[in-house]
Amino acid sequence: MNSTIKISHYFSTSEVENIQAPYYYILLLDGGFAFSLDQKNYHCQGKTILFMSPFQQLEWLEVKGKSTTILCFHGDFYCIEYHKKEVACNGILFNNIYHAPFIGVSATFYEEIQSLFTKIAEVEETNLAYNVSILKSYLQLILALVNREKQREIHQWDYNLEEDCLQFKHQLEQSFAQHKSVVYYAELNGIALASFSKKIKKIYGKTPTQLIQERLVLEAKKLLHLTTKPMKEIATALGFEDEFYFSRYFKKATGVSPSQFRKEVGISIVAKKSR
């Protein structure tokens with residue numbers, strides 16, 4: 001299992017298209033970019049920091065950028081779940097289905113993060129015994145700093161949302177495994193199906209169906225990575241009739257089977273310590 005961290009300077013976007021790898025990615029983008037991530041289209045302009053989780057599907061649609069710098073790390077190198085008290089980035093920077101997977105930042109902040117990327121690259125070139133500790137410290141600082149900025153953005157966004165849109169988010173978090181029908185959530189909120197779907201799409205940029213599917217897949221990834229539960233037990237926990245249907249559902253969404261995902265991403269230190 002690969003447990004390293006790597007910096008790649010000024011890759012062309014074509015070199016990181018359709019990434020299918022068990023790594024977390026942080027991309028520093030400078031310019032104009034349009035891209036699709038897990039079949040959802042996004043556009044960003046200026047200095048932007050993009051975050052990707054293992055086996056997310058990326059496709060560039062338009063590139064008018066000056067540069068792209070990429071940092072990738074494996075969960076064996078730095079477990080974001082294990083270090084959640086330090087950075088709290090899981091569900092904010094990574095694995096966040098409700099908000100854009102990137103954040104626009106000021107030139108000053110961008111340069112600060114870029115300098116930390118440079119420090120990581122410099123440490124990578126040496127071969128000292130204490131390198132891993134230094135690299136983890138730099139990565140933790142990057143995640144903590146950007147997480148702080150993203151938290152502010154999310155807080156402002158949620159503050160301006162209408163109550164029923166926030167309610168749907170909370171309802172989905174509680175019931176996604178038991179209730180996979182959009183009709184259930186529309187009726188729960190007392191809104192006609194067509195109006196409900198239109199409103200959710202306008203606010204979150206995704207249909208309720210997409211959000212339900214993404215939440216199911218996200219939970220599946222969590223159970224595959226953070227537990228040692230067998231496939232049949234995971235399928236049952238997520239409300240699937242059998243493990244074969246679950247496997248097809250998961251592969252259609254991610255491009256890999258649940259067993260392949262678990263094999264390449266690995267079992268987290270969180271699961272290992274709970275044994």
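Residues numbered from 1 in each chain as written. Predicted model: local features only at pLDDT ≥ 70, side-chain atom pairs only at ≥ 80, totals over all residues. Heavy atoms only, no water.

Here we take up the packing of helix α4 (residues 163-175) against helix α7 (residues 208-226). Closest axis-to-axis distance for the α4/α7 pair is 10 Å, and the angle between their directions is 40°. Handedness of the α4/α7 crossing: right-handed. Note on element contacts: α7 touches α4 through Pro208, Leu211, Ile212 and Arg215, opposite Phe168, Leu172 and Glu173. Residue composition of the contact of α4 with α7, grouped by class: five nonpolar, no polar and two charged. (Axes fitted to C-alpha atoms, helices over the stretch in contact; angles between N-to-C directions. Helix = DSSP H or I, 4+ residues; strand = E, 2+ residues; numbered from the N terminus. Left-handed = near helix turned anticlockwise from the far one by under 90°. Contact = heavy atoms within 4.5 Å. Nonpolar A, V, L, I, M, F, W, Y, C, P; charged D, E, K, R; others polar.)

Caution is warranted with low-pLDDT regions, since their predicted coordinates should not be read in detail. Residue-level pLDDT values for the protein average 89, and 92% of them are 70 or greater. Between the elements of the protein, mean pLDDT differs from a low of 72, seen in helix α11 (residues 269-273), to a high of 97, seen in strand β5 (residues 102-104). (pLDDT = per-residue confidence, 0-100.)

Another point: the layout of surface pockets. When its volume is computed, the largest pocket comes out at roughly 710 Å³. Taken together, 30 residues line the largest pocket, and the ones lying closest to its centre are Asp38, Gln213, Glu214, Val217 and Ala253. Taken together, the elements giving at least two residues each to the lining of the largest pocket come down to β3 (40-52), α7 and α9 (243-254). With six residues, the single largest contributor to the lining of the largest pocket is α7. Reported here for the second largest pocket is a volume of approximately 580 Å³. Taken together, 27 residues form the lining of the second largest pocket, with Asn90, Gly91, Asn95, Leu218 and Lys222 sitting closest to its centre. When its residues are assigned to classes, the lining of the second largest pocket shows 12 nonpolar, seven polar and eight charged. (1 Å grid on protein atoms, 1.4 Å probe; cavity = no way out; pocket = protein on both sides within 12 Å on 5 of 7 lines; lining within 4 Å. Points joined across faces, edges and corners; volume = space filled by probe spheres on them.)

A few words on unusual backbone geometry. Positive phi, close to 65°, is recorded for Phe55, a residue that is not glycine. Relative to the elements of secondary structure, Phe55 occurs in the loop between β3 and β4 (58-74). The buried category is assigned to Phe55, whose relative accessible area is 2%. Phi at Ala88 is positive, roughly 50°, even though this residue is not glycine. Counting through the fold element by element, Ala88 comes out in the loop between α1 (84-87) and β5. Relative accessible area serves as the criterion here: at 34%, Ala88 is assigned to the partly exposed category. (Buried < 20%, exposed > 50% of the residue type's maximum accessible area, 1.4 Å probe, protein only.)

Bringing the pattern of salt bridges into the picture now. Evaluated as defined, the whole model comprises eight salt bridges. One salt bridge connects Lys64 with Glu62, and the closest N-O pair in it is separated by 3.2 Å. A salt bridge links Glu214 to Lys206, with the shortest nitrogen-to-oxygen separation between them at 2.7 Å. Connected via shared salt-bridge partners are Arg148, Glu149 and Arg152. (Salt bridge = Lys/Arg side-chain N within 4 Å of Asp/Glu carboxyl O.)

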